[in-house]
Amino acid sequence: MKRVRDLASKIDLTLLKADASLSEVEELCRRASEYGFAAVCVAPCWARVASERLRGSGVKVCCVVSFPLGASMGEVKAFEAAKAVEAGALEVDVVVNHGAVKSGRFDLVEEELSLVVEAVKDRGGEVVKAIVEVPLLAEEELRKACRAAVEAGVD
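Residues numbered from 1 in each chain as written. Predicted model: local features only at pLDDT ≥ 70, side-chain atom pairs only at ≥ 80, totals over all residues. Heavy atoms only, no water.

Some details on the overall build of the chain
Heads up, the rule is: Per the convention used, a helix needs a DSSP run of H or I reaching at least four residues, while a strand needs a run of E reaching at least two, with both numbered from the N terminus. Computation of the radius of gyration draws on C-alpha atoms, with the globule rule given as 2.2 Å multiplied by the number of residues to the power 0.38. Any residue under 20% of the maximum accessible area for its type is buried, any over 50% is exposed, and the rest in between are partly exposed; the area is computed with a 1.4 Å probe on protein chains only. For every accessible area listed, the method is Shrake-Rupley and the probe measures 1.4 Å; residues are considered covered only by the protein chains on display.
Secondary structure assignment for the chain yields seven helices and five strands. Its helices and strands taken in sequence order, the chain reads α-β-α-β-α-β-α-β-α-α-β-α from the N to the C terminus. For 155 residues, the compact-globule estimate of 2.2 N^0.38 gives 15 Å, and the chain sits close to it at 16 Å. Its C-alpha atoms give the chain principal-axis dimensions of roughly 45 × 30 × 30 Å. Taking all 155 residues of the chain together, 42% fall into the buried category. In the form shown here, the chain has an accessible surface area of approximately 8,200 Å², with 54% of it arising from carbon and sulfur atoms.

Structure, rendered in structure tokens:
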């Protein structure tokens, strides 16, 4: 069992389907706590429930922002991230604006991600990660998108 817990402590357990129910989120949290996963990753609407169910377990709550498309405006992404942290998320995974990447607007990518990083860190969130859909991007686009994320302060 120790080996299972060691491995689980390095993994986020996710439930991101559009029709995830309260009972499914509760079961996700139960399993995460039982096996000692690093975090559960849920939609922001479930952050408070997950946070309450996992209190004292050592399992963190992570929320996705602008998932799955990344096409929200930066201010909307920042608002969504802020609300997720206020509801108990310690980590935020934000989807990069792939349309901006494909348009060569890496300044916009950096600006949007900076807004999210600021919103999360100002509210006591610990980690911001960027979700980049690698198959959608050419190698140079991927390189520049990652550079923009690093410049924005993404962890």
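Considerations on the environment of L13
Rules: Two residues form a contact once any of their heavy atoms are found within 4.5 Å.
Along the chain, L13 falls in strand 1 (residues 12-15). Residue classification places L13 among the buried positions, given a relative accessible area of 12%. Separated by 90 residues in the primary sequence, L13 and S103 place their C-alpha atoms 33 Å from one another. Those residues in contact with L13, other than ones at most four positions away along the chain, are L28, R31, A32, F37, A39, V40 and C41.

Considerations on the layout of surface pockets
So the rule is basically this: Only protein atoms enter the 1 Å grid used here, on which a cavity is any set of points holding a 1.4 Å probe that cannot leave and a pocket is any open set flanked by protein within 12 Å on both sides along at least five of seven lines; residues with an atom within 4 Å of a point are listed as lining. Grid points are joined across faces, edges and corners, and a volume is the space filled by probe spheres set on the points. In this classification, Asp, Glu, Lys and Arg are treated as charged, Ala, Val, Leu, Ile, Met, Phe, Trp, Tyr, Cys and Pro as nonpolar, and every other residue, Gly included, as polar.
For the largest pocket, the calculated volume is near 180 Å³. Looking at the largest pocket, it is lined by 14 residues, and the ones nearest its centre are L16, K17, A43, V64 and F67. Residues of the lining of the largest pocket, tallied by class, amount to 11 nonpolar, one polar and two charged.

Thoughts on the nonpolar core
Put simply, the rule reads: Buried Ala, Val, Leu, Ile, Met, Phe, Trp, Tyr and Cys residues form a nonpolar core when they are joined through side-chain atoms within 4.5 Å.
Counting residues in hydrophobic clusters, the biggest one holds 22 residues, and the most contacted among them are V40, V42, V61 and C63. At the level of secondary structure, the elements contributing two or more residues to this core comprise strand 1, helix 2 (22-35), strand 2 (39-42), helix 3 (47-54) and strand 3 (60-65). Among the nonpolar cores identified, the runner-up in size contains 21 residues, and V65, V101, L137 and V154 belong to it.

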